[in-house]
Amino acid sequence: MTGTHLLSIGVLGALLLLPGLLVGLAAGLRGWVLFGAAPVATYGVIGVFSPYFPGLLPRWSVWALLLGTVIAAALLLAVRWAAHRWYGRFQEPIVMPSVWRWQHHVAVAAAVAVAAGVGLLVTYRATGAFTGIHQFWDAMFHVNATRFIADSGQSAPGALRVINAPDNPDFYYPNAYHVLQATVVQITGQPIPDTLNIGGGAFAATLSLGMAALVRVTSGRPALATTTALVSCAVSSFPAGLQFFGPLWPFAAGITVIPSFLALFTVAVRSRALSALVLTALGTIGLAALHPSAAIAAAVYGVGFLLFRWVAARKVPLRELGALAITGAVAAVYVLPQLVAAARSAGNATVSWPTVAAPGPAFGGVFFLNFDVPYPQWWLVLPMLVGLFSVKKLVGLRWMLFGGAFFTLLFVVAASYKGFLVRLLTDPWWNDVWRFAGLVALAQVVLIGSGLVVIRDAALRGLSGFRAGLADARGVRVGALAVVVLLLVVLTQGFYRDLNRKVINAAYGNGPTVSELERAAMDELRTEVPPGELVMNDPLDGSPWMWALDGVRPVFGHALDPAADFKVIGPDRVALFDHFDELDTDEGIQDIVRRQRITHVYIGEGFATPTSKRAPGMDDLASVRSLELVFSNPGARIYRVVLPDGTTPG
């Protein structure tokens, strides 16, 4: 790991935590809920200000983030002061369910640090020391979005239309994750692949911190907070599964902050503190800015909390409904336009994944933690079953099972069935079993952590039979938990770090999307293509990576599905995709090449998917007289465009 990597890890941690800590302090939060809610609050600041700052400031940068943070903190401080003066009788103090000693805080902090270290280590080993190129489809968009924001400072979600659909006025993609990563790039100068791989490695840290905060404000048991924080890095379906598949980095980031949001949400509902309610609305905005479907998923878990709370109370308190209305009204100002824009943009694409299993095997796969690995993670399944069968002991967190059961059902539905009702239920999450498995993992982590504590408690009861009062000694209780955790570490061979490494590593390697030879050819483009000029490319052969790797703009900045994307990428790109190799004779293509300033052509041998085929306009380049070969290796070729009249565009 290089010094620049360590710097990037530190910068990412600071950017993820410090803005949220400042606005959380202004809202009156303290302790674990302050630190746990910081990441989702930071994304909220980005979600509020990044769409508008490019019109008010020269560009997005760390200074823009700082300015947005100061404004948000000042507003929350004003809300807190006003609430104390005029709203005080409706509020209650923010109270934790138990008192922790300093030893408890140290133990939980150590657990978070271990989970963070395991997550980074697993990703470091899986991605070739953070330098590897993710070979799957979605990576091309995410890396180019990050590069575009870092270079241009244009942080509005609609600005990302430049990647593949500049003529689409309805384009929208939630970009809070890309904005944060672009800010890291602006500060460190780290290469884009390294930055996003480090970001994926940090998912376990964010999840662990949020889980610790959630347990602190609901259950209050330090032992449960410790075990839950520890095992947050171990389940293969998340974070590792979503680092592999897609990669779904923004959605995965959304899942990691759902526990952070829930910790904040539960505190806000219980206390009805106006500043906490407004901060919860900011967290909702952050989730929607990461991915609207993550916000919807958080709402499902939040509904579980409210149902359990109101059923236990045998009433629906009007003051809590009023508090929820305040949060909803504040969040809706920003979230509803994002949801509408996302729905309008998503209306241009249709996704229908094939069924992957019968209902029984599908349920077994997600429940027994072997959906994405060859065998169940038995040493996590066993404590999970213990936690499930002793669910009465899961005080304060049983409501998490509501969300877990809901997303387990949707996983089975998406994996096993097709039809209108299936689409209706699963479309917010793109009918994607990988996303559902990641959302189920949140409840599974809580059950695993609870099961470990139940096992510890059973061992203590056994000890009490040898000597009265022995099990009540603080040192014995801590020692028993340490033994259970160490046994888990041994049995799982370090929280399944090698298994999770293999899950992630399956998306990396020497091709097929971008091989070492193709990467070498892209490096040649950096010296061959002047700034401001475009390179004609086949969007399905991995060539969009040239932008993120070398700063060279391709015509197509992302892979595309012609059937779905032709109606949004614009007539010039459609014509180039289908007819570019008619450059010698088609004056319309020549006009497009001049207008778009296309001076070079790149073509690689690998493809983004096994079923991808060469674009029709790129399958006969060798016979085009207007192309002059300037570089070739076994993996790729580069041509210079010389039009029939002897001129070069640009």
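Residues numbered from 1 in each chain as written. Predicted model: local features only at pLDDT ≥ 70, side-chain atom pairs only at ≥ 80, totals over all residues. Heavy atoms only, no water.

### Thoughts on the overall build of the protein chain
Turning to step 1, where the next piece is worked out: A count of helices and strands for the protein chain gives 28 helices and five strands.
Turning to step 2, where the next piece is worked out: Computed over C-alpha atoms, the radius of gyration of the protein chain comes to 26 Å, within 12% of the 26 Å expected from 2.2 N^0.38 for 650 residues, which places it in the range of a compact globule.
Turning to step 3, where the next piece is worked out: Overall size of the protein chain, expressed as C-alpha extent along the three principal axes, is 95 × 55 × 50 Å.
Turning to step 4, where the next piece is worked out: Of all 650 residues assigned to the protein chain, the portion counted as buried reaches 58%.
Turning to step 5, where the next piece is worked out: Long-range contacts, defined as pairs at least 24 residues apart, comprise 76% of the intrachain contacts of the protein chain with a sequence gap of at least 6.
Turning to step 6, where the next piece is worked out: Of the roughly 25000 Å² of accessible surface on the protein chain, 65% is carried by carbon and sulfur atoms.
Turning to step 7, where the next piece is worked out: When the 45 basic and 37 acidic side-chain charges of the protein chain are each reduced to a single mean position, those positions are 24 Å apart. (Helix = DSSP H or I, 4+ residues; strand = E, 2+ residues; numbered from the N terminus. Rg over C-alpha atoms; globule rule 2.2 N^0.38 Å. Buried < 20%, exposed > 50% of the residue type's maximum accessible area, 1.4 Å probe, protein only. Contact = heavy atoms within 4.5 Å. Areas by Shrake-Rupley, 256 points an atom, 1.4 Å probe, with all protein chains shown as cover. Lys, Arg positive; Asp, Glu negative; His and termini not counted. Charge placed at Lys NZ, Arg CZ, Asp CG, Glu CD.)

### Considerations on the nonpolar core
Turning to step 1, where the next piece is worked out: Of all hydrophobic cores here, the largest spans 186 residues; its most connected members are Y43, F407 and W545.
Turning to step 2, where the next piece is worked out: Considering every element that reaches this core, the biggest residue donor is helix α21 (residues 433-464), with 15 residues.
Turning to step 3, where the next piece is worked out: Once you skip the residues sitting within four places of it in the chain, Y43 turns out to touch L16, A176, Y177, L180, A253, V257, G286 and L290.
Turning to step 4, where the next piece is worked out: Ranked by size, the runner-up nonpolar core spans 27 residues in total, among them A575, L576, I598 and A615. (Core = buried A, V, L, I, M, F, W, Y, C linked by side-chain atoms within 4.5 Å.)

### Remarks on unusual backbone geometry
Turning to step 1, where the next piece is worked out: Backbone torsion omega between F238 and P239 reads 5°, so that peptide bond is classified as cis.
Turning to step 2, where the next piece is worked out: Structurally, P239 can be placed in helix α11 (residues 236-244).
Turning to step 3, where the next piece is worked out: In this chain, G511 is followed by P512 through a cis amide linkage whose omega measures 10°.
Turning to step 4, where the next piece is worked out: The topology assignment puts P512 in the loop between α23 (493-505) and α24 (516-528).

### What to know about the packing of helix α7 (residues 176-188) against helix α8 (residues 192-201)
The description of two packed helices rests on the angle between their axes and on the distance between the axes.
Turning to step 1, where the next piece is worked out: Axis separation between α7 and α8 bottoms out at 10 Å; the angle between their running directions is 125°. What the angle tells us is that α7 and α8 run oblique. Note on packing geometry: the crossing formed by α7 with α8 is right-handed. Residues Y177, Q181, V184 and V185 of α7 touch α8, and the partners they reach there are I192, T195, L196, G199 and G200. (Axes fitted to C-alpha atoms, helices over the stretch in contact; angles between N-to-C directions. Parallel < 35°, antiparallel > 145°, perpendicular 65-115°, else oblique. Left-handed = near helix turned anticlockwise from the far one by under 90°.)

### Quick notes on the pairing of strand β3 (residues 598-604)
Turning to step 1, where the next piece is worked out: Extensive coverage of β3 is indicated by the burial of seven of its seven residues.
Turning to step 2, where the next piece is worked out: Relative to β3, strand β1 (residues 534-536) runs parallel, the two sharing three bridges. Bridging from a neighbouring strand, V535 pairs with H600 of β3.
Turning to step 3, where the next piece is worked out: Pairing of β3 with strand β5 (residues 636-641), which is carried by five bridges, proceeds in the antiparallel orientation. Looking at the pairing, Y602 lines up with I638 of β5. (Pairing = 2+ DSSP bridges.)

### A few points about the pairing of β5
Turning to step 1, where the next piece is worked out: Here six bridges tie strand β4 (residues 627-633) to β5, and the two strands are oriented antiparallel to one another. Bridge pairing links F631 to I638 in β5.
Turning to step 2, where the next piece is worked out: Adjacent in sequence and paired antiparallel, β4 and β5 are bridged by two residues.

### A closer look at helix α12 (residues 249-256)
In an α-helix, one turn spans 3.6 residues; hence positions three or four apart end up facing the same way.
Turning to step 1, where the next piece is worked out: Of all eight residues in α12, eight are buried, a share of seventy percent or more.
Turning to step 2, where the next piece is worked out: Listing the buried residues of α12 in full gives W249, P250, F251, A252, A253, G254, I255 and T256.

### Description of the pattern of salt bridges
Turning to step 1, where the next piece is worked out: If you walk through the whole model with that rule in mind, you get 19 salt bridges.
Turning to step 2, where the next piece is worked out: One salt bridge connects R221 with D457, and the closest N-O pair in it is separated by 3.3 Å. With a gap of 236 residues between them, R221 in the loop between α9 (203-218) and α10 (222-231) and D457 in helix α21 connect regions that are remote in the sequence.
Turning to step 3, where the next piece is worked out: A cluster of three or more residues bridged by salt bridges with shared partners is formed by R221, R456 and D457. (Salt bridge = Lys/Arg side-chain N within 4 Å of Asp/Glu carboxyl O.)

### Some details on helix α19 (residues 400-416)
Turning to step 1, where the next piece is worked out: Taking 1.5 Å of rise per residue, 17 residues should cover 24 Å, and α19 covers 25 Å from first to last C-alpha, within 8% of that figure.
Turning to step 2, where the next piece is worked out: Of all 17 residues in α19, 12 are buried, a share of seventy percent or more.
Turning to step 3, where the next piece is worked out: Buried within α19 are the following residues: M400, G403, G404, F407, T408, L410, F411, V412, V413, A414, A415 and S416.
Turning to step 4, where the next piece is worked out: Looking at the buried positions of α19, the neighbouring elements they touch are α9, α13 (258-271), α15 (292-313), α17 (359-367), α20 (420-426) and α21. (Expected span 1.5 Å × (residues − 1).)

### Quick notes on the environment of G36
Turning to step 1, where the next piece is worked out: In this fold, G36 is placed in helix α2 (residues 31-49).
Turning to step 2, where the next piece is worked out: Distance in space between the C-alpha atoms of G36 and G404 is 21 Å, their sequence separation being 368 residues.

### Section: the sheet that holds strand β2 (residues 553-554)
Turning to step 1, where the next piece is worked out: Overall, mixed pairing links the five strands, which are arranged β2-β1-β3-β5-β4 in an open sheet. Lying at the two open borders of the sheet, with one neighbouring strand each, are β2 and β4.

### Topic: the packing of aromatic side chains
Turning to step 1, where the next piece is worked out: This model, assessed by the stated rule, comprises 27 aromatic pairs.
Turning to step 2, where the next piece is worked out: Relative to F368, the ring of F367 lies with its centre 5.1 Å away and its plane at 85°, an arrangement referred to as edge-to-face.
Turning to step 3, where the next piece is worked out: An aromatic cluster of three or more residues is present, and its members are F136, F244, F245, W353, F371, F411 and W434.
Turning to step 4, where the next piece is worked out: The side chain of R216 reaches across the aromatic face of W100, ending 4.3 Å from its centre.
Turning to step 5, where the next piece is worked out: Above the face of the F251 ring, R435 is positioned so that its terminal group lies 5.4 Å from the ring centre. (Phe/Tyr/Trp six-rings, centres within 6.5 Å; stacked < 30°, edge-to-face > 60°. Lys NZ or Arg CZ within 6 Å of the ring centre and 35° of its normal.)

### What about a nonpolar patch on the surface?
Turning to step 1, where the next piece is worked out: Together, W378, W379, L382, L487 and L491 give the surface a local cluster of nonpolar side chains, amounting to about 480 Å² of exposed area.
Turning to step 2, where the next piece is worked out: For the nonpolar patch, the secondary-structure elements that each account for two or more residues are α18 (378-389) and α22 (474-491).
Turning to step 3, where the next piece is worked out: A per-element tally of the nonpolar patch places α18 first, with three residues.
Turning to step 4, where the next piece is worked out: With respect to the helices and strands, the residue L487 is situated in helix α22. (Patch = residues over 30% accessible without salt bridge, like charges linked within 9 Å, V, L, I, M, F, W, Y side chains within 5 Å.)

### Details of the environment of L196
Turning to step 1, where the next piece is worked out: Relative to the helices and strands, L196 is located in helix α8.
Turning to step 2, where the next piece is worked out: Measuring from C-alpha to C-alpha, the distance between L196 and P58 comes to 25 Å, with 138 residues separating the pair along the chain.
Turning to step 3, where the next piece is worked out: Setting aside its immediate chain neighbours within four residues, L196 contacts H142, V143, T146, Y177, Q181 and W249.

### Quick word on the packing of α17 against α19
Turning to step 1, where the next piece is worked out: At a closest axis distance of 9 Å, the pairing of α17 and α19 adopts a crossing angle of 135°. As judged from the angle between their axes, α17 and α19 are oblique. Considering only the axes of α17 and α19, their crossing is right-handed. Contacts between α17 and α19 pair P359, A362, F363 and V366 from the former with T408, F411, V412, A415 and S416 from the latter.
Turning to step 2, where the next piece is worked out: A per-class count over the contact of α17 with α19 returns seven nonpolar, two polar and no charged. (Nonpolar A, V, L, I, M, F, W, Y, C, P; charged D, E, K, R; others polar.)

All we've got here are geometric facts, nothing functional implied.
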